[in-house]
Amino acid sequence: MAIDASTVRKVARLARIAIPESGLEPMAREIDGIMSWIDQLAEVDTDGVEPMTSAVAATLPLRDDVVTDGAMVERVVFNAPKTVDGFFVVPKVVE
Amino acid sequence: MSEVSGTYTIKGRTGDWELVMGLEIHAQVASKSKLFSGAAVGFGAGPNEQVSLVDAAMPGMLPVLNRFCVEQAIRTGLGLQAQINLKSRFDRKNYFYPDLPQGYQISQFEFPIVGEGEVLVERDDGSSFIVRIERLHLEQDAGKSIHDLDPNATYVDLNRSGTALMEIVSRPDIRAPEEAAAYVKKIRAILVTLGTCDGDMEKGNLRADVNVSVCRPGAYEKFRATGDFGHLGNRCEIKNVNSYRYIQQAIEYEARRQIEILEDGGSIFQETRLFDPTKGETRSMRSKEDAMDYRYFPDPDLLPLVIDPAWVEAIKATLPELPDAKKARLQSQYGLSAYDAGVLTGDGDLAAFFEAAAAGRDAKLVANWTINDLSGSLARDGLTIASSPIPPSDIADLVKLIETDVISSKIARVVFEHMWAGEGAPAAIVEKRGLVQVTDTGAIEAVVDRLIAANPGQAEAVKAKPQALGWFVGQVMKEMAGKANPAAVNAILKARLGV
Amino acid sequence: MSELTSLTLKSALEGLKSRAFSSVELTAAHVATVEAARPLNAFVLETPDKALEMAAASDARIAAGEAGALEGAPLGIKDLFCTRDVRATACSRILGNFIPQYESTVTANLFGDGAVMLGKLNMDEFAMGSSNETSAFGPVINPWKIEGGNQSLTPGGSSGGSAAAVAADLCLGATATDTGGSIRQPAAFTGTVGIKPTYGRCSRWGVVAFASSLDQAGPIAKTVEDAAILLTSMAGHDAKDSTSLDVETPDFASFVGRSVKGLRIGVPKEYRVDGMPAEIESLWEQGIAWLREAGCEIVEVSLPHTKYALPAYYIVAPAEASSNLARYDGMRYGLRAEGGNLTEIYENTRAQGFGAEVQRRILIGTYVLSAGYYDAYYLKALKVRRRIAEDFDRAWETCDALLTPTAPSAAFALGERTADPIAMYLNDVFTVTTNLAGLPSISVPAGVDAQGLPLGLQLIGRALDEATVFSVAGALEKAAAFRSKPAKWW
Ligand SMILES: [Mg+2]
Ligand SMILES: [Zn+2]
C-alpha cells in the first residue's frame, strides 16, 4: 500500500492540517517509509486473537447521576481566543 | 411478517416510484447530569453555565460514565422488546466542528448497548405495522452554534455538549410519510411511558434523522427477501427533524427531489441534508468532496461496559405498563374500540386521565368525552392533558349526570363549555343554570299535544313518512330549551302520531 | 547551597524533618541552581515565587507538626501536567499561553503531600519524541558530556527536561510520563532512576493526553528509594479517570532494600538485538551476575513478539494521538491562525501550531484509522498487542521479574538522528513492550560506557507488582553502586 501525495492530501484534509503542495511528496515518502517498516506486522499470526484495546483487564466504572460540576463559565472560557457574554466566539460557520 | 408498512406510490413521468425510509431517533436521556461529566443537564441556563472542563475538552480531561444513563438505555431497550448486550463499548467518532469540543463524539459504533428489537406502530385508522429496530446506543450530544448574533462570527454554547442521547436506529421498514410520523409518535409514547426521555420535541429532546430513498415497485420486496441493499436506491439522510408535520413534509419533498433527478437521468449521491421548514425544502449540508470518514475506534479513555444480568432483571421488574399492553387492557377491561384505546395510549397522561375518570362510569362515554371534547379543547388552547383545567373527577361527574338522565348529551356539551370556562363542578353548573333534563312525561305531553294541534299539516306528513318525525322532535326541544329527555320526546311523539 | 541541592529526596526530607534546614532554604538553593542552569534548557517555565511561597507554607506546616510525606521538597513538573494558574504548553506552540484552571490529580497528590513546585520542565512536543528535539522551546542539553568532548548530547525524551533536571541537581525529583519509554530512556541517558508504574496506578486526569491507552505518569529521581517515595505520593485511585485502578497504593519505599533471595529473574533472549553496542551487552551480563550474587535465580525466557512491539506501537500511539489532539483546533483555547473560512482556520492553526513530528504522527494515526485501512493496520496492531501481552503472561510462569537493557545506546548527539524517524523510534525498542502490556518497569543506572556516558538497566514486573520491581531495583542499585555525576559545565 504505497502512500502517494494524493493520499497525504486526503489524510491531511481529514486531520485538518494544511500542507503546501510542495510538501506533499516529501511527506508521502516519509510516511511510506514508516508504513513499510510497520508492514512487518503482517508476519504475525493473529488468527482468532481478540484485539487488545486497553492495558487493564478491568471494566468501566460508573458514577452516580448527580450534578457535581459545571457552573464555572469564567474557568471554561478563561483561555478562549475570543468570547462575548460567556459564549465562545469562533469564525463564521456557513452551514 | 404479517403487518408491514403500507406502500406510498408517487407517479413519475417514467412510471411509479415507491419510498423506503429508516429512521434514527435521538432521544435525550432524562438525567440530571451529563453522560460523561457531572455538569447539569437542563434548558434555559446562560451560555456555557452548564459546562464542566470535561465538556469543554480541556487538555487532560477524562470521561466517566453516568450509571443512570446506562440504566435508561437498558430500560428503553426492554421497552423496545430488544436484546440487551451485556458487553458493549464506547467508540470515538472523529470530525471537526466548532460545537464539538473534543474533535470527536463518544458514541457506540461496533458494540451498542442494545441490539435488535421491534415496535408495533398504529395508523390513524387503528390498523398497525411492525418496524424492526436495528440497535439503540448511547452517545454524547454536541454543543450549539448560534449564527445570528453576529454577522461575522458564530457563537458557541456548550451547555448541550455531552448531554446523553439514546440513538434508536430502525431498519428501512417504513414506506409512507405518515407512517414515519406514526413511528416517531409510537417511539415517543414508549419513551415517555418508560420515563427515559421527556419527549419534548420543541426543545429538541426528541428528534429524528430520516433516511429516504426511492425505488421502483417490487424492488423493496426483493430487498426484504435478500437483505441486499443493492435493490434499493441510494439514500439521503435528513438531519434533526423535530415535528411530525416536518417529518412528513421533508420526506415528501425529498422523495420528489430524488425522483426528479432520477427521471432526468441523474443519480443520487449519499449525503446529509437539512430540512428548512420555512421553505419546505431539504438542502445539502456539505459538499461531496468533503465526504465524511469518521475514523471510529474504541475510546481508549474508557473500558468495556459490562452489565450484570441481575441489573437487567431488576430494571425489568420496575417497567411500567407499556403502550401495547395498555391498549390491549383498555380494550378488554373497558370495552373500548381499538381506535379509542390507541388514541388514549398514544399519550400516557391521557390514558391515566381516562382511567381516573372511568372508574364506575360508562367507560365508552368517558373515552368519548376525554378524546373528543376535552382533548379538542386542550389542543385549541395549546394545553396538555397534564395541565388540563378540568380534573378527571369532573369528567366522571359529567358522565354520571348523563348516565342518570339528569342531563342529555346535548346539554352536557353546554355544561362542558361552562366547565371549561372555569365555572366549577358539572352538578353545580347544571343546578345554577337550570339545565336539569325534563323527564316528566306530563310536561312533555303538554308541549307535544300543543304542537300537533298547531301543525296539523306536519302531523299528516309524519303519518305518511315517519322520518319526518325529526321536525317535531326539534320543535319540542326548542320549546323546552333543549332540556327535554330525547328518548321520552320520541316515545310520546310516536304514540301520539301513531307511527 | 550546592550541599542542599546534592541531597537525595530521602535525606532532604530527613533534614527538613529534623529542622536541619528549612524548606525555604532548600527551595531557595534549588531556585538559584535552576537559574544558573539555564544553558541546559531543562525548564520551560521557572516559578520561583510560587516555589518560595509553597516552601514558606511547608515550613509553617512543619512547625505546626502537620507535615506531609513530601513536605517542603522542591520538585520539577513535566510541562505535560496541568497545574492550576501556571502556564502549561506540552511544549507545543498550539497551546499558546494556556493557563489551566485546574490541577492534575498527580500534581495535586504531590502538593497535597507538601511538595514544592520549582517550575515546568521541557519535553518533546506532546511527549512525542526520544531526544527532546521536538520541543517548541528547543532541546534540553544533557548535563552529561563525552569524556573530554564538548558536543551537546540529548538527555533522551520525551521526559528529557525531567531527567536532565534531576541529573543536574536542579530538583530533588521530577514528574514525568511514559508512553513508549519516555521516563526510562531519559533516565538511562542521564544516570537517573525512572519508573513507569503499572498502567492505571497514576491518574491521567489533568495530564495532557498523547496516547491514552499507553500513557502513564511516574517519577524520575536520584535513587530507587526516592523514586519509590515519589511514586507512593503520585499514585492512587482516581474516580475522575475511568482507567484508574481501584487498588491500594503500598508504601513502595518499604520494598527498597528487601532481600531478593530466591526471586527468579527472567532474561528475554529476544532483547539481544542486532547492532547493540558491546558495552550494553556486557553491562547486561554484569547486571545478571549482580542479581545472581544477590541470591536471584536467573532463567532464560522468550518473548517472541518483541520485535513487533515498536511497529504495533507506531500504529496504536499515533491513532490515539490523532484523535486526542483533535481538540487543539483554536476554538476554545490556544493558538488560532488566520484563514479564509473555517476549514482553512483549522488547517492553518494546526499546521502552525504542531511541529513536524506531531504532524507526522497525526497523519499516520489518521491514515491507519481511515476507511479501508482500519482492519489492516489498527485492528492488526491491537491483535499484535495482545500477542505481546500474552508473551509476558507466559514469562511470569517461570520468573518474577525481567532484566533487560533500558535503551540500545547511550545518549547520542543532538541532531544525530533527526533525519531518520525509524532510527529515532528504535530508542524505545526495549521499553515500548511494557507500555503495550501495561506492566511496571524501572530504569536503574548501572554503569558508564567507554566514553563515560551513563547506561541503564531495566527491570520489568507483573502488573501491580511494583513491590518486586523496587526490591530488585534496590539490589541492582546497591550492586552497581553508580555514583558518577556529570561534570558541571553550565
Ligand atoms: Mg446517526
Ligand atoms: Zn447519533
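What this report covers is the structure whose coordinates are included nearby. Everything quoted here is computed from the prediction, not taken from an experiment.

Cut-offs used in this document
- Residues numbered from 1 in each chain as written.
- Chains lettered and ligands numbered in written order.
- Predicted model: local features only at pLDDT ≥ 70, side-chain atom pairs only at ≥ 80, totals over all residues.
- Heavy atoms only, no water.
- Helix = DSSP H or I, 4+ residues; strand = E, 2+ residues; numbered from the N terminus.
- Expected span 1.5 Å × (residues − 1).
- Buried < 20%, exposed > 50% of the residue type's maximum accessible area, 1.4 Å probe, protein only.
- Contact = heavy atoms within 4.5 Å.
- Donors = N, O, S within 2.8 Å, 3.2 Å for Na, K, Ca; no water.
- Pairing = 2+ DSSP bridges.
- Buried area = accessible area lost by both parts, 1.4 Å probe.
- Salt bridge = Lys/Arg side-chain N within 4 Å of Asp/Glu carboxyl O.
- Nonpolar A, V, L, I, M, F, W, Y, C, P; charged D, E, K, R; others polar.
- Polar contact = N/O pair within 3.5 Å; in protein donor to acceptor, adjacent residues only side chain to side chain.
- 1 Å grid on protein atoms, 1.4 Å probe; cavity = no way out; pocket = protein on both sides within 12 Å on 5 of 7 lines; lining within 4 Å.
- Points joined across faces, edges and corners; volume = space filled by probe spheres on them.
- Domains from an automatic or database assignment.
- Phe/Tyr/Trp six-rings, centres within 6.5 Å; stacked < 30°, edge-to-face > 60°.
- Lys NZ or Arg CZ within 6 Å of the ring centre and 35° of its normal.

1. Notes on helix α16 (residues 466–480) of chain C
Two residues of an α-helix separated by three or four positions point the same way, owing to the 3.6 residues in each turn. Residues and elements named next belong to chain C. Taking 1.5 Å of rise per residue, the 15 residues of α16 would be expected to cover 21 Å, and the 20 Å separating its terminal C-alpha atoms lies within 8% of that figure. For α16, a buried count of 12 out of 15 residues is recorded, marking the element as mostly surrounded by other parts of the structure. All buried positions along α16 are accounted for by E466, A467, T468, V469, F470, S471, V472, A473, G474, A475, L476 and A480. After α16 finishes, the residue A481 shows a positive phi value of roughly 45 degrees.

2. Concerning the side chain of S23 of chain C
Within the secondary structure, S23 of chain C is located in helix α3 (residues 23–36). Here S23 of chain C is in contact with L16, A55, S58, D59, G72 and V116 of chain C, once residues within four sequence places are set aside.

3. Topic: the coordination of the zinc ion (ligand 2)
Tetrahedral coordination by four donors places them ideally at 109.5 degrees to one another around the metal; octahedral coordination by six donors ideally gives 90 or 180 degrees. Residue and element names in this part refer to chain B. Coordination of the zinc ion (ligand 2) by the protein is provided by H26 (NE2), E139 (OE) and E167 (OE), with metal-donor distances spanning 1.9 to 2.0 Å. Of note, the donors binding the zinc ion (ligand 2) are all from one chain and are spaced H-x112-E-x27-E. The two metals, the zinc ion (ligand 2) and the magnesium ion (ligand 1), are separated by 3.8 Å. Taken together, the residues span a long stretch of sequence, with H26 in strand β2 (residues 15–28) and E167 in strand β11 (residues 164–170) at a distance of 141 residues.

4. A look at the sheet that holds strand β9 (residues 144–146) of chain B
The strand order across the open sheet built from 4 strands is β2(A)-β3(A)-β10(B)-β9(B), with neighbouring strands paired in antiparallel fashion. The sheet is open, and its two borders are formed by β2 (83–84) of chain A together with β9 of chain B, each paired with just one other strand.

5. Observations regarding the interface of chain C and chain A
At the interface, 61 residues of chain C touch 50 residues of chain A. Buried surface at the junction of chain C and chain A, both sides included, amounts to about 5,100 Å², of which 70% is carbon and sulfur. For the interface between chain C and chain A, the tally reads 3 salt bridges. In this structure, E347 of chain C and R13 of chain A form a salt bridge, with 3.8 Å as the shortest nitrogen-oxygen distance. At 12 residues, helix α13 (residues 374–395) of chain C tops the list of elements feeding residues into the side of chain C that touches chain A. Taken together, the residues of the side of chain C that touches chain A break down into 35 nonpolar, 14 polar and 12 charged.

6. A few points about the interface of chain C and chain B
Of the residues lining the interface, 38 residues belong to chain C; the matching set on chain B comes to 29 residues. Both faces combined, the contact of chain C with chain B buries some 2,700 Å², and carbon together with sulfur accounts for 59% of it. On the chain C side of the contact with chain B, S242, R327 and R332 of chain C bury the most area, a combined 22% of that side's loss. Connecting chain C to chain B are 1 salt bridge. With a shortest N-O distance of 3.0 Å, R204 of chain C and D301 of chain B are connected by a salt bridge. Counting across the chain C and chain B interface gives 17 residue pairs in polar contact (both at pLDDT 80 or more). Counting only elements with at least two residues in the side of chain C that touches chain B, the list comes to α10 (309–324), α11 (342–353), α12 (356–369) and α13 of chain C. For the side of chain C that touches chain B, the residue count by class is 21 nonpolar, 10 polar and 7 charged.

7. Here's the deal with the layout of surface pockets
Residues and elements named next belong to chain B. Each pocket or cavity is described by its volume, and for the second largest pocket that value is around 1,500 Å³. Taken together, 43 residues make up the lining of the second largest pocket; nearest its centre are K185, R188, Y244, G346 and D347. Mapped by element, the contributors of at least two residues to the lining of the second largest pocket are β7 (117–122), α2 (177–194), α4 (244–263), α6 (323–334), α7 (338–345), α8 (348–358) and α9 (363–380). With 9 residues, the single largest contributor to the lining of the second largest pocket is α2. Considering only residue class, the lining of the second largest pocket consists of 17 nonpolar, 12 polar and 14 charged. Taken domain by domain, the makeup of the lining of the second largest pocket includes at least three residues from each of domain 1 (2–315) and domain 2 (321–433).

8. A few points about the packing of aromatic side chains
Enumeration according to the criterion identifies 32 aromatic pairs over all chains in this entry. Here Y334 of chain B and F354 of chain B contribute two aromatic rings whose centre-to-centre distance is 4.9 Å and whose plane-to-plane angle is 75 degrees, an arrangement assigned as edge-to-face. Linking Y334 of chain B in helix α6 with F354 of chain B in helix α8, this pair joins segments that are 20 residues apart in sequence. Comparing Y334 of chain B with F354 of chain B, the two get one shared label, buried. Here the aromatic rings of F98 of chain C and Y333 of chain C are separated by 5.2 Å at their centres, their planes lie at 55 degrees, and the arrangement is tilted. Within this pair, whereas F98 of chain C is found in the loop between β2 (74–78) and α5 (105–112), its partner Y333 of chain C is found in the loop between α10 and α11, the two being separated by 235 residues in sequence. Each member of the pair F98 of chain C and Y333 of chain C is classed as buried. Following the ring pairs from residue to residue traces out a cluster consisting of F98, F126, Y328, Y333 and F354 of chain C. For the cation-ring pair, K145 of chain C lies above W489 of chain C, with the distance from its terminal atom to the ring centre recorded as 4.0 Å. Positioned over the ring face of F412 of chain C is R417 of chain C, at 4.1 Å from the centre of the ring.

9. Some remarks on unusual backbone geometry
Put simply, G157 of chain C and S158 of chain C share a cis peptide bond, and its omega is 5 degrees. Looking at the secondary structure, you find S158 of chain C in the loop between β3 (116–121) and α6 (160–167). A positive phi angle is found at N240 of chain B, which is not glycine, with a value near 50 degrees. Within the secondary structure layout, N240 of chain B lies in strand β13 (residues 236–241).

10. Digging into the pattern of salt bridges
Enumeration over the complete set of coordinates arrives at 62 salt bridges over all chains. A salt bridge links K327 of chain B to E122 of chain B; the nearest nitrogen and oxygen atoms lie 3.9 Å apart. Of this pair, K327 of chain B sits in helix α6 while E122 of chain B sits in strand β7, and the two are 205 residues apart along the sequence. Among the salt bridges present, the one from R38 of chain C reaches E46 of chain C, with a minimum N-O distance of 2.7 Å. Note on E46 of chain C: relative accessible area 24%, which makes it partly exposed. Connected through shared salt-bridge partners, R92, D299 and D301 of chain B together with R204 and D241 of chain C make up one network.

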